[in-house]
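Chains, contacts and geometry: an overview
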Amino acid sequence: MNKKRQQHQMENFKIDLTKNQKSSDFSIMGKIHDYHEMIREHEKRGLNVLLKSPMTSANAREVVVKERNSGKEIKTLMFGSNNYLGAITHPYVIAKTLEATQKYGIGSGGVPILAGTTKYHTDLEKKLSELTGFEDTMLFSSGFTANLGIILGIIRPQNLIIQDKLNHASLIDGALMSGAKMVRYRHNDMKALEKLLASNQEEYPNGMIVITDGVFSMDGDIANIPKILELTQKYNAILLIDEAHATGVIGEKGAGTLSYYGITQRDNIIVSGTLSKALGSIGGYISASKEIIDYLRIYARSNLYSTSLPPSVCASAFAAIEMMQTTDALSKQQKNAAYMVQKLRENGYNTLNTVTSVIPIIVGDEYKLTQMSKDLLDRGIYVSCIFPPAVPKNTARIRVNMNPLVTEEDIDYFIEQLNEIFQIYQLDRFVKV
Ligand SMILES: Cc1ncc(COP(=O)(O)O)c(C=O)c1O
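Residues numbered from 1 in each chain as written. Predicted model: local features only at pLDDT ≥ 70, side-chain atom pairs only at ≥ 80, totals over all residues.

Looking only at helices and strands, one finds 16 helices and 13 strands in the protein chain. Its C-alpha radius of gyration of 22 Å places the protein chain within 12% of the 22 Å reference for a compact globule of 433 residues. Judged by the C-alpha coordinates and their principal axes, the protein chain covers about 65 × 55 × 45 Å. Out of the 433 residues belonging to the protein chain, those deemed buried represent 47%. (Helix = DSSP H or I, 4+ residues; strand = E, 2+ residues; numbered from the N terminus. Rg over C-alpha atoms; globule rule 2.2 N^0.38 Å. Buried ≥ 20, exposed ≤ 12 C-beta atoms within 10 Å, placed from the backbone.)

Close to the ligand lie 14 residues; S142, G143, H168, A244 and T274 are nearest. Here the shell around the ligand is composed, by residue class, of two nonpolar, ten polar and two charged. (Near = placed C-beta within 6 Å. Nonpolar A, V, L, I, M, F, W, Y, C, P; charged D, E, K, R; others polar.)

Here we take up the packing of helix 6 (residues 143–154) against helix 7 (residues 169–178). It is at 8 Å that the axes of helix 6 and helix 7 come closest, and there the two elements cross at 35°. The hand of the helix 6/helix 7 crossing is right-handed. Residues G143, F144, N147, L148, I151 and L152 of helix 6 lie in contact with helix 7, whose contacting residues are S170, L171, D173, G174, A175, M177 and S178. Residues belonging to the contact of helix 6 with helix 7 are distributed by class as follows: seven nonpolar, five polar and one charged. (Axes fitted to C-alpha atoms, helices over the stretch in contact; angles between N-to-C directions. Left-handed = near helix turned anticlockwise from the far one by under 90°. Contact = placed C-beta atoms within 7 Å.)

Glancing now at the sheet that holds strand 12 (residues 384–386). The three strands are arranged 10-13-12 in an open sheet whose pairing can be described as antiparallel. One side of each edge strand has no neighbouring strand; the edge strands of this open sheet are strand 10 (358–364) and strand 12. Between one strand axis and the next, the sheet turns by 25° as a mean value, whatever way the strands run. Two strands pair when backbone bridges link them, and strand 12 and strand 13 (residues 396–401) are joined in this way by three bridges, in the antiparallel orientation. What sits directly across from I386, in strand 13, is R397. Seen against the sheet, helix 15 (residues 366–378) touches strand 10, strand 12 and strand 13 and runs at an angle of roughly 120° to strand 10. (Pairing = 2+ DSSP bridges.)

Moving on: the domain arrangement of the protein chain. As a measure of interface size, the accessible area lost when the parts come together is often cited. As far as domains go, the protein chain holds domain 1 (3–78 + 329–424) and domain 2 (91–326). Computed over C-alpha atoms, the centres of domain 1 and domain 2 are 28 Å apart. Counting residues at the interface gives 15 residues for domain 1 and 15 residues for domain 2. Those elements giving two or more residues to the side of domain 1 that touches domain 2 turn out to be helix 14 (329–346) and strand 10. Per-class residue counts for the side of domain 1 that touches domain 2 are ten nonpolar, four polar and one charged. (Domains from an automatic or database assignment.)

This part takes up the sheet that holds strand 11 (residues 381–382). Reading across the sheet, the three strands line up as 1-2-11 and stay open at both edges, with mixed pairing between neighbours. The open sheet terminates on both sides in strands that have one partner only, identified here as strand 1 (62–66) and strand 11. Sheet topology note: the strand 1/strand 2 (residues 73–78) ladder contains five bridges and is antiparallel. Counterpart to V63 in the pairing with strand 2 is T76.

Compared with an ideal rise of 1.5 Å per residue, which puts 14 residues at 20 Å, helix 5 (residues 119–132) spans 20 Å between its outermost C-alpha atoms and is within 8% of the ideal. Of the positions making up helix 5, those classed as buried are Y120, H121, L124, E125, L128, L131 and T132. Down the axis of helix 5, the buried set is contained in an arc of 135°. They therefore lie on one face. Looking at the buried positions of helix 5, the neighbouring elements they touch are helix 4 (91–104), strand 3 (136–140), strand 8 (269–274), strand 9 (284–288) and helix 13 (311–326). Directly after helix 5, the chain includes G133, whose backbone phi takes a positive value near 85°. (Expected span 1.5 Å × (residues − 1). Arc of directions from axis to C-beta.)

Attention now goes to the pairing of strand 3. It is a general feature of regular strands that their side chains alternate between the two faces of the sheet. Among the five residues of strand 3, five are classified as buried, and the element is accordingly described as predominantly covered. By the alternation rule, side chains of strand 3 split into D136, M138 and F140 and T137 and L139, which are all buried. In this sheet, strand 9 lies alongside strand 3 in antiparallel orientation, the contact comprising five bridges. Paired with D136 across the two strands is A288, which belongs to strand 9.

Take the packing of helix 5 against helix 13 next. Between helix 5 and helix 13, the least distance of the axes is 9 Å, while the angle of their chain directions is 30°. On the basis of their axis angle, the class for helix 5 and helix 13 is roughly parallel. Here helix 5 and helix 13 pass one another in a crossing that is left-handed. Each of Y120, H121, D123, L124, K127 and L131 in helix 5 lies in contact with helix 13, whose residues at this interface are P311, C314, A315, A317, F318 and I321. Counted by class, the contact of helix 5 with helix 13 contains nine nonpolar, one polar and two charged residues. (Parallel < 35°, antiparallel > 145°, perpendicular 65-115°, else oblique.)

Turning our attention to helix 16 (residues 408–424). Taking 1.5 Å of rise per residue, 17 residues should cover 24 Å, and helix 16 covers 25 Å from first to last C-alpha, within 8% of that figure. When we look at burial in helix 16, the residues that qualify are I411, F414, L418, I421 and F422. What you see down the axis of helix 16 is that its buried residues fit within an arc of 95°, all on one side. Across from the buried face of helix 16, at angles greater than 90 degrees, the exposed residues are E409, D412, E420 and Q423. Looking at the buried positions of helix 16, the neighbouring elements they touch are strand 2, helix 14, helix 15 and strand 11.

Another aspect to go through is the nonpolar core. Counting 121 residues, the largest nonpolar core has I162, I209 and A320 as the members making the most contacts within it. Inspection of this core shows a minimum of three residues originating in each of domain 1 (3–78 + 329–424) and domain 2 (91–326). Residue contacts for A320: discarding those within four places in its chain leaves L85, A87, V93, L279 and G280. (Core = buried A, V, L, I, M, F, W, Y, C linked by C-beta atoms within 7 Å.)

Below is the structure:
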C-alpha cells in the first residue's frame with residue numbers, strides 16, 4: 001500500500017468503540033445505526049479489526065485466516081490467542097475430550113441442580129479445588145458468568161465494592177448490577193486502596209469486598225496480593241481474585257497467583273477463573289470455602305439458572321490441567337515470553353510492567369493502530385489490537401499472548417515485521433503513556 005493512501009486513512013479513520021455509548025441520539029436504534037456507520041467506514045478501507053476474518057485451521061502455532069473481502073487464505077503465526085499452554089490442539093487433551101463425547105454425548109441436558117451434573121463435572125470441580133487450594137469449586141458456563149455469579153451472589157446494595165481500575169469488564173459489570181456502591185483505586189496503588197478501606201470501614205463494617213485481577217489481562221503485571229491480603233485482613237474485607245490470565249501462566253505448575261506468592265492461607269479469599277484461556281476450551285469457576293460454595297450453588301443465579309457445561313468440556317479442562325502439571329508446556333511458554341519481552345525491550349518498545357505471557361506493546365495512536373492491525377495480518381502475524389474502552393485512553397496497544405508452540409525464530413520474525421511497520425507509520429517505538 002502506498003504511503004500517501006496510508007496517510008489519508010490515518011487522518012480519517014480510527015476505531016472508536018466508545019462512540020456507541022455516547023451517541024447523541026437516544027432512540028434505541030440510533031446507537032445501532034451509529035455503529036453501522038462506523039463499520040461501513042471500516043469495510044470501505046478493508047480493515048479487519050472489528051469483523052474478524054475466520055480462521056480455517058486450528059488455533060495453534062500457525063493459523064490460516066480466510067480474508068473476508070478477498071477470500072484469500074493467509075498463513076499467520078499466532079501471537080494473539082489465550083492458548084497459553086497449547087491445550088487447544090494437544091493430542092492428550094483431544095483424546096480425553098473425544099472419549100467423554102463418545103461416552104456421554106454432546107451436552108449436559110440441564111442446569112447444574114436439575115439433571116445437569118455428571119461425574120465429569122464433579123471430577124473437574126475436585127481437580128480445580130486441588131489446583132487452587134480451596135475446599136470447594138463450582139463451575140459456570142464462562143469466566144464472565146462466574147464473575148457475575150459470585151458478585152451478584154454475595155453482594156447486596158448495602159455493601160461496598162473496591163476494585164483495581166484495570167479489572168476486567170465482567171467484574172465491573174457484576175458490581176454495577178449488584179446495586180452496591182463501587183469505588184476504584186489507581187492500578188496496583190496500595191496506598192490508594194488502604195485509604196479507601198480506612199475511610200469506609202466505619203460505614204461498611206464487615207461489608208467490604210476488594211476485587212482484583214491476579215494477572216492483569218491487558219498489562220500482564222501481577223496484583224500485589226501479599227499487600228492486598230494484609231489490608232483486607234486489617235480492615236475485615238473479603239478478597240476476590242480473578243485468575244483468568246494467571247492459571248497456567250504463573251505459580252507452581254500453573255496454579256496461579258496465590259501459589260506464585262507462596263500464600264497458603266485461604267480465609268476470606270475467593271478466586272474466580274476460566275477454562276477458556278490456558279485450559280483451552282470454555283467455562284468458568286469459583287473456588288472458595290465449602291460454606292461459600294454451598295451457598296453460591298443456590299444464590300449464584302448465572303449458575304443455578306443456566307445449563308451446565310457439556311461433559312466433554314469438563315473432560316478437556318481436566319486433561320489440560322493434567323497436561324499442564326506433567327509436561328514442559330508452561331516452562332516453554334514462560335521461556336518464550338521472557339525472550340519476546342527481552343527482544344521488544346532491546347528494540348525500544350514500551351511493554352509497560354509485564355512480567356508474564358500477557359505482553360502489551362503500546363502504540364497510543366488509535367488511527368495508526370487501526371491501520372497497523374491489517375498490515376500485521378497481511379505480513380502473517382496474528383495479534384490482538386486493543387482499543388479504548390478496553391484500555392485507558394491514549395494507551396491503545398498491540399497485545400501479544402505467548403504460548404509454548406512458537407519458536408525463537410518466529411519471535412525474531414515478529415520483531416522484524418514490527419520494526420518495519422513502526423517505521424512505515426513513523427511511530428516512535430517507545431510510546432509514553
Ligand atoms: C480477567 C478476565 N476475567 C474474566 C474473563 C472472562 O472469561 P471468559 O472468556 O471465560 O468468559 C476474561 C476474558 O477475557 C478476563 O480476561
